[in-house]
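Examining the three-dimensional arrangement
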Amino acid sequence: MIIAVDGPAASGKGTLARRLAQHFNLGHLDTGKLYRATALRALASGGDPADPAVAEAAAKAVRAADLGDPRLADEAVARGASVVAAIPSVRQALFAFQRDFARHPPGGAAGAVLDGRDIGTVICPDADAKLFITAGIEARAARRVKELRDSGKAAIYEAVLQDMKDRDARDSQRRAAPMVPADDAFVLDTTTLDADAAFAAALDFIGRKLAAAPAKG
Ligand code: CDP
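Model, not experiment: these values are computed from the prediction.

Moving on, we come to the overall build of the protein chain. Along the protein chain, the regular secondary structure elements total 9 helices and 5 strands. Helices and strands in the protein chain line up, N terminus first, as β-α-β-α-α-α-α-β-α-β-α-α-β-α. For the protein chain, whose C-alpha radius of gyration is 17 Å, the value lies close to the compact-globule estimate of 17 Å for 217 residues. On the principal axes, the C-alpha backbone points of the protein chain span a range of 50 × 35 × 30 Å. The burial tally for the protein chain puts 45% of its 217 residues in the buried class. Of the contacts made within the protein chain by residues no fewer than 6 positions apart, 78% connect residues no fewer than 24 positions apart. If the 29 positive side-chain charges of the protein chain are averaged to one point and the 28 negative ones to another, these points end up 2 Å apart.

See below:
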């Protein structure tokens, strides 16, 4: 079973994906970490993440062990991630890692939940259920500020909001795999929903989707 969870920054997709994976006993991959790890490698090498040659080399060097680096949470890395993510050769270099995870989730799990921007459209177009999680930009910026402050980092609301607007624009306007809901995705706006309510709505959709699906095999 593959569940695709896409959506913009701080929409609640990560929390939801984690909870779904736990509930259904599936593997979970936060694909944003691959783009963040690419940006981190490019920045650490002293190169410019916007340079396609630098970014592609960084993407090719990304390994599973990179995904636990605490520096991936930095906002500068997130910004760099949305820059490298617009480069087609970077997306291509990270494609196999994501597909392998979906097909062979770690620990022999019966499937996987992947969260990102293009899971339902490009990485797993045959996913059993696709969700597109969104929320108003002010609500998302406020959540990100809280997240940053809770982890002991300083955060200015206006700066986070502007960063998020820039990143939304880059992610949805790029030519390579732009952020857009798949035709068959369930679009869930979490502006006024807490994590429990979003989880309940997602479970309801997945339950109906699986019940309607023809039996496999
Ligand atoms: O958690 P947040 O949404 O802030 O960021 P993320 O999910 O870690 O993704 C960071 C950046 O990577 C995004 O702004 C996208 O540009 C890019 N990304 C992507 O292009 N495709 C994905 N499947 C996942 C992330």
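Read on, since the account is not over.
Taken together, 17 residues sit near the ligand, with Arg-36, Arg-91, Arg-117, Arg-167 and Asp-171 positioned nearest. Arg-174 is positioned such that a nitrogen or oxygen atom in its side chain is 2.9 Å from an oxygen atom of the ligand. Protein burial of the ligand: of its 530 Å² of free accessible surface, 95% is covered by the chains. Mapped onto the shell around the ligand, the elements with two or more residues apiece are helix H2 (32-44), helix H4 (75-84) and helix H8 (157-173). Top contributing element to the shell around the ligand by residue count: H2, with 3 residues. Tallied by class, the residues present in the shell around the ligand amount to 4 nonpolar, 4 polar and 9 charged.

On to unusual backbone geometry, then. The backbone of Ala-10 shows a phi angle near 55°, a positive value even though the residue is not glycine. With respect to the element layout, Ala-10 can be found in the loop between strand E1 (2-6) and helix H1 (13-24). What makes Ala-10 buried here is its relative accessible area of 11%. Positive phi values are uncommon outside glycine, yet Asn-25 reaches one of about 60°.

The next thing to look at is the pattern of salt bridges. What the rule picks out here adds up to 15 salt bridges. A salt bridge links Asp-204 to Arg-208; the nearest nitrogen and oxygen atoms lie 3.1 Å apart. Separated by 4 residues within a single helix, Asp-204 and Arg-208 lie in helix H9 (residues 195-212), roughly one turn from each other. Using a relative accessible area of 42% as the deciding quantity, one classes Asp-204 as partly exposed. Through salt bridges with shared partners, a single network forms among Glu-75, Arg-144 and Glu-147.

This part takes up the packing of H2 against H4. In contact at an axis separation of 8 Å, H2 and H4 are set at 100° when each is read in the N-to-C sense. The pairing of H2 with H4 is recorded here as roughly perpendicular in orientation. Two secondary-structure elements touch here, H2 through Tyr-35, Arg-36, Thr-38, Ala-39, Leu-40 and Leu-43 and H4 through Ala-76, Val-77, Ala-78, Gly-80, Ala-81 and Val-84. In terms of residue class, the contact of H2 with H4 is made up of 9 nonpolar, 2 polar and 1 charged.

Right, let's get into the packing of aromatic side chains. Summed over all chains, the structure comprises 1 aromatic pair. Between the NZ or CZ atom of Arg-19 and the centre of the ring of Phe-199, over which it lies, the distance is 4.5 Å.

Bringing H9 into the picture now. Its 18 residues place the ends of H9 26 Å apart at the C-alpha level, agreeing with the 26 Å of an ideal helix rising 1.5 Å per residue. For H9, the set of buried residues is Ala-198, Phe-199, Ala-202, Phe-205 and Ile-206. All buried residues of H9 lie within an arc of 130° about the axis, which places them on one face of the element. Counted as exposed and oriented over 90 degrees from the buried face of H9: Ala-211 and Ala-212. Contact partners of the buried residues in H9: E1, H1, strand E4 (129-134) and strand E5 (186-189). Structurally, the start of H9 carries an N-cap: the backbone nitrogen of Asp-196 is 3.2 Å from a side-chain oxygen of Asp-194.

Analysis parameters
Residues numbered from 1 in each chain as written. Predicted model: local features only at pLDDT ≥ 70, side-chain atom pairs only at ≥ 80, totals over all residues. Heavy atoms only, no water. Helix = DSSP H or I, 4+ residues; strand = E, 2+ residues; numbered from the N terminus. Rg over C-alpha atoms; globule rule 2.2 N^0.38 Å. Buried < 20%, exposed > 50% of the residue type's maximum accessible area, 1.4 Å probe, protein only. Contact = heavy atoms within 4.5 Å. Lys, Arg positive; Asp, Glu negative; His and termini not counted. Charge placed at Lys NZ, Arg CZ, Asp CG, Glu CD. Near = heavy atom within 4 Å. Polar contact = N/O pair within 3.5 Å; in protein donor to acceptor, adjacent residues only side chain to side chain. Areas by Shrake-Rupley, 256 points an atom, 1.4 Å probe, with all protein chains shown as cover. Nonpolar A, V, L, I, M, F, W, Y, C, P; charged D, E, K, R; others polar. Salt bridge = Lys/Arg side-chain N within 4 Å of Asp/Glu carboxyl O. Axes fitted to C-alpha atoms, helices over the stretch in contact; angles between N-to-C directions. Parallel < 35°, antiparallel > 145°, perpendicular 65-115°, else oblique. Phe/Tyr/Trp six-rings, centres within 6.5 Å; stacked < 30°, edge-to-face > 60°. Lys NZ or Arg CZ within 6 Å of the ring centre and 35° of its normal. Expected span 1.5 Å × (residues − 1). Arc of directions from axis to C-beta.

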